[in-house]
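What follows is each chain in one-letter form.
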Amino acid sequence: METARISKLGVPYMHLGTGEPLVLIHGLGEVKEGWEDQFELANQYELIIPDLRGHGKCSKTEGISIKNFALDILGLLMELKIETAHILGLSMGGAVAQEIYRQAPERCRTLLLISSFHYFPKKLKSVLFEPRKELLQQVSYMKEHSDYAARMALYSWNKDTVEKFNKFFQPKPQIFVDSLVACFEVNNLSLLPMVDVPTLIIGGQYDSVLPVWIQAWMHRLIPNSEFIIMRNTGHLAKLEAKDRFNRLLRTFLAKQKAAS
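Residues numbered from 1 in each chain as written. Predicted model: local features only at pLDDT ≥ 70, side-chain atom pairs only at ≥ 80, totals over all residues. Heavy atoms only, no water.

**Looking at the nonpolar core**
Inference 1: In terms of nonpolar packing, the biggest core is built from 82 residues, with I25, I87, V96, I100, L111 and F165 touching the most fellow members.
Inference 2: Per-element accounting of this core gives the leading share, seven residues, to helix α1 (residues 66–79).
Inference 3: Beyond its immediate sequence surroundings of up to four residues, V96 is in contact with I25, L52, I66, F69, A70 and I73. (Core = buried A, V, L, I, M, F, W, Y, C linked by side-chain atoms within 4.5 Å. Buried < 20%, exposed > 50% of the residue type's maximum accessible area, 1.4 Å probe, protein only. Helix = DSSP H or I, 4+ residues; strand = E, 2+ residues; numbered from the N terminus. Contact = heavy atoms within 4.5 Å.)

Structural data, given as structure tokens:
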């Protein structure tokens, strides 16, 4: 596995491959190594894969917010002298990708928003989160709760997929809670209609964490976006159907290169 580096701003990251820069941003409670199945993209792209603040090996724990997650990544891109990049985010990472666009749209060649969200109205919070809020907050404390997280995130229950989930889902109690609160504060209703870079939105057919109608809503808001539902996957298509997932990324990115 690629050895991680640490930026001057204290952001651990992996940097591999050559080609157009592609940033991979993990989700809530995950670590950068969770993109292991996407390392093969390094044969075409320069991959920049950071740990978000407070996650993984990142020792920065103050100021947990979507805004600061984005600032950390923008600082890393500046340090690496990368002027523009494809910005891909999974789940909470997709909200971070949107925030990167808000702060520095000129840095974004494209957006790839995977099983993500843009806004949680009160009714949606009550349906998706309130009944299991306490359990979600306990996920990072006990093994049986991480099993609950796996059942929630995955559609397929083969041994390899479950083992990978447990390997790369490493929530830290307070960081997890603070990040979850930060997710609830996201409101990009006015931002998405202004997005004018090519955007790919992917949802999982059986995603019980962030159902596909949320991504469909994002698709309606973002002009000229593409929306794909991955069949027979849950919240983590990157693990459950890595070959199909990686092909979708390559196809979308190749199309943008051909059009430029």
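**Side note on the sheet that holds strand β5 (residues 85–90)**
Inference 1: Reading across the sheet, the eight strands line up as β1-β2-β4-β3-β5-β6-β7-β8 and stay open at both edges, with mixed pairing between neighbours. Each having just a single partner strand, β1 (5–6) and β8 (226–230) make up the two edges of the open sheet.
Inference 2: Judged from the six bridges that link them, β5 and strand β6 (residues 108–114) form a sheet pairing that is parallel. Bridging across to β6, L90 finds its partner in I114.
Inference 3: In the packing of helix α8 (residues 212–221) onto the sheet, the strands contacted are β6, β7 (199–204) and β8, and the crossing angle to β7 comes to about 165°. (Pairing = 2+ DSSP bridges. Axes fitted to C-alpha atoms, helices over the stretch in contact; angles between N-to-C directions.)

**Considerations on the packing of α1 against helix α2 (residues 92–103)**
Inference 1: Taken N-terminus to C-terminus, the directions of α1 and α2 make an angle of 70°; their axes are 8 Å apart at the nearest point. The pairing of α1 with α2 is recorded here as roughly perpendicular in orientation. Along this stretch, α1 crosses α2, giving a crossing that reads as right-handed. Residues I66, K67, F69, A70, L71, I73 and L74 of α1 lie in contact with α2, whose contacting residues are M92, A95, V96, E99, I100 and Q103.
Inference 2: Taken together, the residues of the contact of α1 with α2 sort by class into 10 nonpolar, one polar and two charged. (Parallel < 35°, antiparallel > 145°, perpendicular 65-115°, else oblique. Left-handed = near helix turned anticlockwise from the far one by under 90°. Nonpolar A, V, L, I, M, F, W, Y, C, P; charged D, E, K, R; others polar.)

**Focus on unusual backbone geometry**
With glycine set apart, most residues show a phi of negative sign, and most peptide bonds adopt trans.
Inference 1: If you check the backbone angles, K81 has positive phi at about 60° while not being a glycine.
Inference 2: Tracing the sequence through the fold places K81 in the loop between α1 and β5.
Inference 3: In this structure K81 comes out as exposed when scored by relative accessible area, which is 74%.
Inference 4: Residues other than glycine seldom take positive phi values, yet N224 does so here, at roughly 60°.
Inference 5: For N224, a relative accessible area of 77% puts it in the exposed group.

**Observations regarding the state of the cysteines**
Disulfide: a covalent bond connecting the sulfur atoms of a pair of cysteines.
Inference 1: The tally for this structure, following the rule as stated, stands at zero disulfides.
Inference 2: This cysteine, C183, is not joined by any disulfide, and C58 carries the nearest cysteine sulfur, 16 Å off.
Inference 3: Judged by its relative accessible area of 5%, C183 falls in the buried class. (Disulfide = S-S within 2.5 Å.)

**Side note on the packing of aromatic side chains**
Inference 1: As enumerated under the stated definition, the model contains six aromatic pairs in all.
Inference 2: Here the aromatic rings of F120 and F184 are separated by 5.9 Å at their centres, their planes lie at 80°, and the arrangement is edge-to-face. Of the two residues, F120 sits in the loop between β6 and α3 (122–128) while F184 sits in helix α7 (residues 173–184), which places them 64 residues apart along the sequence.
Inference 3: Overall, the relative accessible area of 17% leaves F184 in the buried class.
Inference 4: Their ring planes at 90° and their centres at 6.2 Å tell us that F169 and F176 sit as a pair that is edge-to-face. Judged on exposure class, the residue F169 and its partner F176 are both buried.
Inference 5: What links up through ring pairs into an aromatic cluster is the set F117, F120 and F184.
Inference 6: Positioned above the aromatic ring of W35, the side-chain terminus of K238 is 4.3 Å from the ring centre. (Phe/Tyr/Trp six-rings, centres within 6.5 Å; stacked < 30°, edge-to-face > 60°. Lys NZ or Arg CZ within 6 Å of the ring centre and 35° of its normal.)

**What to know about the pairing of strand β4 (residues 45–50)**
Looking along a regular strand, one sees side chains alternate from face to face of the sheet.
Inference 1: Taking burial as the measure, the six residues of β4 include six buried ones, the bulk of the element.
Inference 2: Of the two faces of β4, both are covered, the one formed by Y45, L47 and I49 as well as the one formed by E46, I48 and P50.
Inference 3: Here four bridges tie strand β2 (residues 12–16) to β4, and the two strands are oriented antiparallel to one another. The residue bridging H15 from the neighbouring strand is I48, located in β4.
Inference 4: As judged from the four bridges shared by strand β3 (residues 20–25) and β4, these two strands associate in the parallel manner. By the bridge assignment, V23 is partnered in β4 with I48.

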